Amino acid sequence: MSSLSRELVFLILQFLDEEKFKETVHKLEQESGFYFNMKYFEDEVHNGNWDEVERYLSGFTKVDDNRYSMKIFFEIRKQKYLEALDKHDRSKAVDILVKDLKVFATFNEELFKEITQLLTLENFRENEQLSKYGDTKSARAIMLVELKKLIEANPLFRDKLQFPTLKNSRLRTLINQSLNWQHQLCKNPRPNPDIKTLFVDHTCAQPNGARAPSPANNPLLGSLPKAGGFPPLGAHGPFQPTPAPVPTPLAGWMSNPSVTHPAVSGGPIGLGGPSIPAALKHPRTPPANISVDYPPGDSDHVAKRTRPMGITDEVNLPVNVLPVTFPGHGHSQAFNAPDDLPKTVTRTLNQGSSPMSMDFHPQQHTLLLVGTNVGDIGLWEVGSRERLVLRNFKVWDVGVCSMPLQAALVKDPGVSVNRIIWSPDGTLFGVAYSRHIVQIYSYHGGDDVRQHLEIDAHVGGVNDLAFSNPNKQLCVITCGDDKTIKVWDAGTGAKQYTFEGHEAPVYSVCPHYKENIQFIFSTALDGKIKAWLYDNMGSRVDYDAPGRWCTTMAYSADGTRLFSCGTSKDGESYIVEWNESEGAVKRTYQGFRKRSSGVGVVQFDTTKNRFLAAGDDFSIKFWDMDNVQLLTSIDADGGLPASPRIRFNKDGTLLAVSGNENVIKILANSEGVRLLRTFENLSYDVSRASETVSKPTISSITAAATSGVTDRGPSVVSIAGMNGDTRNLGDVKPRLTEETNDKSKIWKLTEINEPSQCRALRLPENLRTTKISRLIYTNSGNAILALAANAIHLLWKWQRSDRNSSGKATASVSPQLWQPPSGILMTNDITDINPEESVPCFALSKNDSYVMSASGGKISLFNMMTFKTMTTFMPLPPAATFLAFHPQDNNIIAIGMDDSTIHIYNVRVDEVKSKLKGHSKRITGLAFSHELNVLVSSGADAQLCVWNSDGWEKQKSKFLQVPPGRTLSAQSDTRVQFHQDQVHFLVVHETQLAIYETTKLECVKQWVATAPISHATFSCDSQLVYASFLDATVSVFTAANLRLRCRINPSSYLPASLSSSVHPLVIAAHPQEPNQFALGLSDGGVHVFEPLESEGKWGVPPPVENGSASTVPALSSVGASGSDQPQR
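The structure presented is a predicted model; accordingly, all values stated were derived computationally and were not measured.

*Asks:* Residues and numbers for a nonpolar patch on the surface, please.
*Replies:* Together, Leu198, Phe199 and Val200 make up a nonpolar patch on the protein surface, roughly 360 Å² of accessible area in all. With respect to the helices and strands, the residue Leu198 is situated in the loop between helix H9 (170-184) and helix H10 (276-281). A relative accessible area of 40% places Leu198 in the partly exposed class.

See below:
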């Protein structure tokens, strides 16, 4: 719920309290969870109304939310139990014990036993700890003091214990102001209006008795208030007098007399909180100030394309409007234009035809899509100046095209790209063409672009395209010359909605969302703006935009600010910010050049939640969002058209600008320059390459790129981006000019052979441990937990110090092998078990408070602070072999068993809720996706299964694809781990690494190993994969394409005497540092690894050959040997 909806609840609470609705006010406090009324809570505790006490608490916390909450509920239930015993009501006491107190037995079995023994005493005060228990009243008072301390310390109650300071009857005052406003809109205002209802808008009757039209649909003729306000309303109803008259009519999104452009009319567009559907369905109702909370920005669509149909190639229309989040740059921060804005020309790319639309990848910040005036699409890695993909327009399947499209293509085959845009996760991109067609491509990294969907979308041009996620289902939204907006399923291409109502070609679309309310803004070439819900019920809004011609709308990335950019037919351009609560123009930015009619439409973009940019007057102009005056203007070294197309990347460090002669200039700020310099520093100068290589080869450690098809742009070998981002640069194709016939570029796999080449730290030893079976970082990132084969747990903690100010795990500072003062060890149950022969497993709670673990025996639950065993459960057989906490409920655990079943176990009630059967051998991996609500399991049978985590039905299953010439061993572990996107997951098997897409359970990438893999894991940002091998090497892969980028040989971290007998068994990735990982070894050692500080990351991704028939695909085809890269 938004902050303004929250404030509305407080206003209602105040109203209910003033009107003495005593039960209702407390019910709303509890249901909303916004305000915890301590006075009411105290009264209920003093009165012993225990059911109401717990019901009221339930609106704010549950028993197992944290230790404070657990203690609160325990004290209340203990008091209720003791009172029943004090009254000698044994049956009630037993009922409380079983229903209310047993839940705590899971966490402290000894305490529960002691509480149970109180039943055997004639007077529970015989128990030493309860000997001072007085009467009921005093006991409740003592407990209440403790409860208040716990509540005040509980972070879940933070900001909920203080009611905001409000003037009396604030809700009445707001309604009174609204009535004044309605009265000012009356055509025939009476001096003393009689208010008889709030259910419909107020309007004074006309002199002849006819009812005046509703102000919501009545165009305003001026901005001056009408004569006659409301007198004090005490005489007419329950409302108090208005403190002061409203100075100006606030017609909201319905009508806006205060703006300088012509008056507008239509329904409300104040799409706030719970009142959104009603407001949109009843456009006659003006929006009250209640619903001024505007939805947050929808960052998955925004960029607007650059040219409507029928305008010459010289016209430059609005560029994409994609607000960009930039953490740490607030509006109050001092501005330094040279540093903050990308204004240094760092790259000049030659596209070959005139760019019409551009979009940077949402995660790979140097990957740029371009659509041109001849229908070409290009994909550029701007860091290496390399064009990865060039596709000319063609209809994929003419046979299924409509007759109007076929006739149009015959008459004039010329096609332009009107819009090109990435999907929110960057796995798809859409292209809207000037002829009927929308094409959707899937992107698989590097130059791997595949045809996904072709839609004959509109009659005439498709003017805009956007992605959105109504009902958590990815959709494509299009608009066109046929005056319609259409919504398509992005997976199947099925049409879901058609919105009709515009009277001119629809120019742009802007999908948006608020909580569970999804809607679309659209603009047409007659300047009309409309809004639609996904319900085929027609437009909810109809009003005019500044300029009344081509307009685009966009929110800032944080959803707090709304902007639009438009150009009139007379050449006047506007960028404005809207007052989201009133629907009025809040500010109009100045500095545009007056242009002649027909020159084109100014494009704009936003970045960092702070700056606006527009292409105008052969330059790029910048504004601070909070200042209407022009901030600065740059010409990008000249050569720009009158209205260049512009596009920021998502972190605001780069700006793509279209230039004359088909070029694209890449501008960068200081951070962007550093980003691009990474490519330059690591690229290999052709002139310095070995001239002795007459025939480039691919060996185990080098890969030579032979000369291929020449390109228009400069040629530089692709190198990795910074900070472990998602650029799939291993797939960049080096393209060399004709001069390279006798030269080659050499890429070398980063080989780490010496300790001096990386930072590696062996953690302090414990002689009692044997080989490390399981390894994990704590979620806080300041400790490592290991489970050794002898069932003992080891915990290493890093402390804050001068050398380690963050206190996080690092290879630069040695940690402490930590034990509690008691000196006890966390040791798993191994009764009648040989732990060396068992399959150990453990799982850590999200708050690092508990670890659940097993080494072939019962499952133990340990307190991580005290190392005490809180409980054991699940006696044998079968034995647990893998554990995973449910992502939404720490009380639900998925337990993989050695009998091939999976038990869904509820810790709170000590009960197995479901048993999943589908594997034939022991379970070796489990992973939840909270996005898809599924559990993926893997087993020693090399089978993968997908289970619905709501009803636990099996959705799909598939066996691993065995590489040719390889056989699967009888009991080989198969592990699974979800990618950060929660849709793809990593599969680890001794023979291979693979990436699977979950919904179809399809293998999309595979890397085949020659040496057996012992373990592998994603880095914390899912951009790398770390893999350990039984030959003691460790390899680092680029996750997007499973290309090897760095190999760490045992000589760099093991003494020569051990390198032949010791190898890593498990590997773990740091939860916040993507370039840090840890190894657990077969000799009981644990090592932490980081790259040298001077390098900052592990190696660089390899390029691939280009231009010849022998070119290796971007990724090994599934089942292939992976021969496109150095083999192990």
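Having seen it, we continue.
*Asks:* Account for the pairing of strand E41 (residues 880-885), naming residues and giving values.
*Replies:* For E41, the buried fraction is high: six of the six residues fall into the buried class. Across five bridges, E41 lies against strand E42 (residues 892-897) in antiparallel orientation. Bridge pairing links Phe882 to Gly896 in E42. Here E41 folds back onto E42 in antiparallel fashion, the turn holding six residues.

*Asks:* Explain the sheet that holds strand E26 (residues 646-648) residue by residue, including any values.
*Replies:* Read across the sheet, four strands follow the order E1-E28-E27-E26 without closing on themselves; strand pairing throughout is antiparallel. If you trace the sheet from one side to the other, it starts and ends with strand E1 (344-350) and E26, each paired once. The average angle at which neighbouring strand axes cross in this sheet is 20°, direction not considered. Where E26 lies against strand E27 (residues 654-658), three bridges are found, and the strand directions are antiparallel. The residue bridging Arg647 from the neighbouring strand is Ala656, located in E27.

*Asks:* A description of the pairing of strand E18 (residues 550-555) should follow, citing residues and the corresponding values.
*Replies:* Counting buried positions along E18 gives six out of six residues, so the element sits mostly inside the fold. Burial of the side chains of E18 extends over both faces: Cys550, Thr552 and Ala554 are buried on one face and Thr551, Met553 and Tyr555 on the other. Relative to strand E19 (residues 562-567), E18 runs antiparallel, the two sharing six bridges. When the bridges of E19 are listed, Cys550 appears paired with Thr567. Counting the residues that bridge the hairpin from E18 to E19 gives six residues, and of these Gly559 lies at a positive phi of roughly 75°.

What counts as what
Residues numbered from 1 in each chain as written. Predicted model: local features only at pLDDT ≥ 70, side-chain atom pairs only at ≥ 80, totals over all residues. Heavy atoms only, no water. Patch = residues over 30% accessible without salt bridge, like charges linked within 9 Å, V, L, I, M, F, W, Y side chains within 5 Å. Areas by Shrake-Rupley, 256 points an atom, 1.4 Å probe, with all protein chains shown as cover. Salt bridge = Lys/Arg side-chain N within 4 Å of Asp/Glu carboxyl O. Helix = DSSP H or I, 4+ residues; strand = E, 2+ residues; numbered from the N terminus. Buried < 20%, exposed > 50% of the residue type's maximum accessible area, 1.4 Å probe, protein only. Pairing = 2+ DSSP bridges. Axes fitted to C-alpha atoms, helices over the stretch in contact; angles between N-to-C directions.

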